[in-house]
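Each chain is listed here by its residues.
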Amino acid sequence: MKLKVTSIFRDRDDHVTVYEPETILEVKDKERAKSLIGRGLCKEFKGKTEPAYILGEEHEEVKQTPEPETEPEVSTNTEGDE
């Protein structure tokens, strides 16, 4: 969901990034977007302007590809073998 910042606020995750009024955000988490709107920090944006920031991740099931199996490492240390 695209939002336009209406009141300056600091990012909840990194606590460093500051979002200034008129900045366009893409918020992947709908609950987070609703919270920002409900607290008067943002309003929904329907324009075609590209977002300056993308916040969060969508809560979708992500299929993970299994890691390839590898051969166990064999020690080539010959120290002590005399």
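In what follows, the structure referred to is the one given above.
Residues numbered from 1 in each chain as written. Predicted model: local features only at pLDDT ≥ 70, side-chain atom pairs only at ≥ 80, totals over all residues. Heavy atoms only, no water.

Trainee: Please set out the overall build of the protein chain residue by residue, giving values where relevant.
Mentor: Counting its secondary structure elements, the protein chain contains one helix and six strands. Counting from the amino terminus, helix and strand elements in the protein chain follow one another as β-β-β-β-α-β-β. Of all 82 residues assigned to the protein chain, the portion counted as buried reaches 26%. Accessible surface computed for the protein chain: about 7100 Å², of which carbon and sulfur atoms make up 47%. (Helix = DSSP H or I, 4+ residues; strand = E, 2+ residues; numbered from the N terminus. Buried < 20%, exposed > 50% of the residue type's maximum accessible area, 1.4 Å probe, protein only. Areas by Shrake-Rupley, 256 points an atom, 1.4 Å probe, with all protein chains shown as cover.)

Trainee: Can you lay out the nonpolar core for me, pointing to particular residues and giving the numbers?
Mentor: Among the nonpolar cores identified, the biggest contains 11 residues, and these are Leu3, Val5, Phe9, Tyr19, Leu25, Val27, Ala33, Leu36, Leu41, Cys42 and Leu55. Mapped by element, the contributors of at least two residues to this core are strand S1 (2-5), strand S4 (24-27) and helix H1 (30-38). When sequence neighbours within four positions are dropped, the list of residues in contact with Val5 reads Tyr19, Glu20, Pro21, Glu22, Thr23, Leu25, Leu41 and Cys42. (Core = buried A, V, L, I, M, F, W, Y, C linked by side-chain atoms within 4.5 Å. Contact = heavy atoms within 4.5 Å.)

Trainee: How would you summarise the side chain of Arg32 if you had to cite specific residues and measurements?
Mentor: Within the secondary structure, Arg32 is located in helix H1. On the basis of relative accessibility, which here comes to 7%, the residue Arg32 falls in the buried class. Leaving out residues up to four positions away in the same chain, Arg32 has contacts with Asp11, Arg12, Asp13, Val27, Leu55 and Gly56.

Trainee: Let's hear about the sheet that holds S4: which residues, and what values?
Mentor: If you trace the four strands from one edge of the open sheet to the other, you get S5-S1-S4-S6, paired in mixed fashion. The open sheet terminates on both sides in strands that have one partner only, identified here as strand S5 (42-44) and strand S6 (53-55). The mean inter-strand angle of the sheet, taken between neighbouring strand axes irrespective of direction, is 35°. Pairing of S4 with S6, which is carried by three bridges, proceeds in the parallel orientation. From the neighbouring strand, Leu25 faces S6, where its bridge partner is Tyr53. Packed onto the sheet, H1 meets S1, S4, S5 and S6 and runs at close to 120° relative to S5. (Pairing = 2+ DSSP bridges. Axes fitted to C-alpha atoms, helices over the stretch in contact; angles between N-to-C directions.)

Trainee: A description of unusual backbone geometry should follow, citing residues and the corresponding values.
Mentor: Even without being a glycine, His15 presents a positive backbone phi close to 55°. Among the structural elements, His15 can be located in the loop between strand S2 (9-10) and strand S3 (18-19). Residue His15 is classed as exposed on the basis of its relative accessible area of 54%. In this structure, Glu22 takes a positive phi of about 80° despite not being glycine. Within the secondary structure layout, Glu22 lies in the loop between S3 and S4.

Read these as geometric descriptors, not functional statements.
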